[in-house]
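# Structural overview for review
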Amino acid sequence: MPQKFDKEKVSVKMESIIKTNQNWIDSVWEKVDKKLSRIAVKSRNKLPYTTINGEHDNRAGAAVAAWTNGFWGGTMWLMYEATGNEEYKKTAERSEELLDDALRQYKKLHHDVGFMWHLTSSANYRLTGNEPSAVRSFFAATSLFSRYNVSGDYIRAWNDTGKKDNSGFSIIDCLMNLPLLYWASDEIGDNRFKKIAMRHMDMAMRDHIRPDGSVNHIVNHEVDKIGVQNVLAGQGYSATSCWSRGLAWAVYGSVISYIHTGKEEYLVTAKKTADYFIEHCQKTDYLPLIDFVAPETPVYYDSTAGVCTACGLLEIAKYVSEEESRYYTEEAIKILKACDEHFCNYEENEDALVLMGSERYPHSETAMQGVHIPIIYGDFFFVEALCKLKGREFLIW
Ligand code: GLY
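### Quick notes on the environment of isoleucine 290
Topologically, isoleucine 290 is positioned in the loop between helix 10 (264–282) and helix 11 (303–316). Residues isoleucine 290 and arginine 360, 70 residues apart in the sequence, show an inter-C-alpha distance of 7.1 Å.

### Some points on the environment of alanine 66
Tracing the chain through its elements places alanine 66 in the loop between strand 2 (55–56) and helix 3 (71–83). The buried category is assigned to alanine 66, whose relative accessible area is 12%. Between the C-alpha atoms of alanine 66 and leucine 47, which are 19 residues apart in sequence, the distance is 9.5 Å. In this view, alanine 66 contacts Arg59 and Met116; residues no more than four positions away in its chain are not counted.

### Quick notes on the pattern of salt bridges
Applying the stated criterion across every chain, the model contains 25 salt bridges. A salt bridge links lysine 390 to aspartate 26; the shortest N-O distance between them is 2.9 Å. Pair noted here: lysine 390 is in the segment after helix 13 (376–389) and aspartate 26 is in helix 2 (residues 22–42), with a separation of 364 residues, a long-range link. Judged by its relative accessible area of 32%, aspartate 26 is partly exposed. Note that glutamate 315 is salt-bridged to lysine 318, the shortest N-O span being 2.8 Å. Looking at glutamate 315, the relative accessible area reads 2%, which means it is buried. Looking at lysine 318, the relative accessible area reads 14%, which means it is buried. One salt-bridge network, in which partners are shared between bridges, spans Lys42, Lys46, Glu55 and Asp351.

### A look at the pairing of strand 7 (residues 228–232)
One ladder, built from four bridges, connects strand 6 (residues 218–221) with strand 7; its direction is antiparallel. In the strand pairing of strand 7, asparagine 220 is matched with asparagine 230. From the end of strand 6 to the start of strand 7, which pair antiparallel, there are six residues.

### A look at the packing of helix 12 (residues 322–342) against helix 13
Running from amino to carboxyl end, helix 12 crosses helix 13 at an angle of 130°, the nearest separation of the two axes being 11 Å. With respect to helix 13, the element helix 12 is oriented oblique. Every pair of crossing elements has a handedness; the one defined by helix 12 and helix 13 is left-handed. Between helix 12, through Ile333, Leu336, Cys339 and Asp340, and helix 13, the contact on the second element is made entirely by Phe382, Ala385 and Leu389. Residue composition of the contact of helix 12 with helix 13, by class: six nonpolar, no polar and one charged.

### Considering the state of the cysteines
Under the defined criterion, the tally for this structure stands at zero disulfides. Cysteine 174 takes part in no disulfide bond, and the closest cysteine sulfur to it belongs to cysteine 308, at a distance of 14 Å. Cysteine cysteine 311 shares no disulfide, and the gap to the nearest cysteine sulfur, in cysteine 308, comes to 6.4 Å. Judged by relative accessible area, cysteine 311 falls into the buried class, the value being 0%.

### As for the nonpolar core
Ranked by internal contacts, the top residues of the largest apolar core, which has 126 residues, are Val32, Tyr252, Ile316, Phe381, Phe382 and Trp397. Discounting residues that sit within four places of it in the chain, valine 32 has contacts with Met79, Tyr346, Leu353, Phe382, Val383 and Leu386.

Reading guide: rules and limits
- Residues numbered from 1 in each chain as written.
- Predicted model: local features only at pLDDT ≥ 70, side-chain atom pairs only at ≥ 80, totals over all residues.
- Heavy atoms only, no water.
- Helix = DSSP H or I, 4+ residues; strand = E, 2+ residues; numbered from the N terminus.
- Buried < 20%, exposed > 50% of the residue type's maximum accessible area, 1.4 Å probe, protein only.
- Contact = heavy atoms within 4.5 Å.
- Salt bridge = Lys/Arg side-chain N within 4 Å of Asp/Glu carboxyl O.
- Pairing = 2+ DSSP bridges.
- Axes fitted to C-alpha atoms, helices over the stretch in contact; angles between N-to-C directions.
- Parallel < 35°, antiparallel > 145°, perpendicular 65-115°, else oblique.
- Left-handed = near helix turned anticlockwise from the far one by under 90°.
- Nonpolar A, V, L, I, M, F, W, Y, C, P; charged D, E, K, R; others polar.
- Disulfide = S-S within 2.5 Å.
- Core = buried A, V, L, I, M, F, W, Y, C linked by side-chain atoms within 4.5 Å.

Below, the structure written as structure tokens:
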């Protein structure tokens, strides 16, 4: 049976640390709500990814390829749930409409449909009961479900590019798409989606998570039997290094799988990956590097890895001993405070909240595009972490 979230225990275990930091939490929250309530109206007809000269860009036209197009709507649902401000709801609903074009182009759908529709249409359905939103999520879940390779035992990443054969690829990122499958099973009353999600999570523990808690980004599997052909470098420094956002996906993805299934090994995995993240992030004063095993210089940061991991730590803290709970809560807050102090922008001349996100490790001075920029999921996870600290019970995943 899935473990149920026990509000009493949670508040008792995390309460004292949260209370000690309450003034900071409240003051950051006020700045975030002030800024986002304005941007919600200003960027209503956009699906932003980054900012250009302080203005949100718009990836709505590129909805098919843009795996990040659910984060703006997701942020709006988090803010609506926390504040009741209808302006957030209107923008969330509009962003779901803007995604429809992508859902119609079935062959182009990829493994990231969870990021796209679970944060938007599933959130809408849970908060408002809107049936067409549930239908969108069921279509997305069915597409994700169909990517499971039954012989190789993994959910396939990406689609054919016509260049190199990527049919054996799974990526650590995909742990964050599994909640869409858990949701579909819960809604439909049939475990078939959940079973595939658990097969993929079990595969990740076997093939992606290393014994020391670091992770492989891309694993190239045998396609006709269970087995690993090789491990490839992805967005980190190398195939054997540790890309920090990939590790963040593992921390948060593993604890979410634990919450939906109650399988103890998933919590053990979440803690193991979290401990590796914390140990390495402490070395740079809680400002995460893009890769924890890259050369010491040049120094490249990725704010998004920190805020995503903080969300994972705040969930882990709910299911562990009192002592561990205090530890993970405190470490999450240290990451968020470092982000607030060094990476956040609350001014009116910038639409983004969290700066210094990085798409990937840059291997040369001329490859800096997409490095140290605002990225929409940095804002999403910062807001989500604050919602958790404010005691909101809505687990969007
Ligand atoms: N899922 C792709 C990334 O984290 O950049």
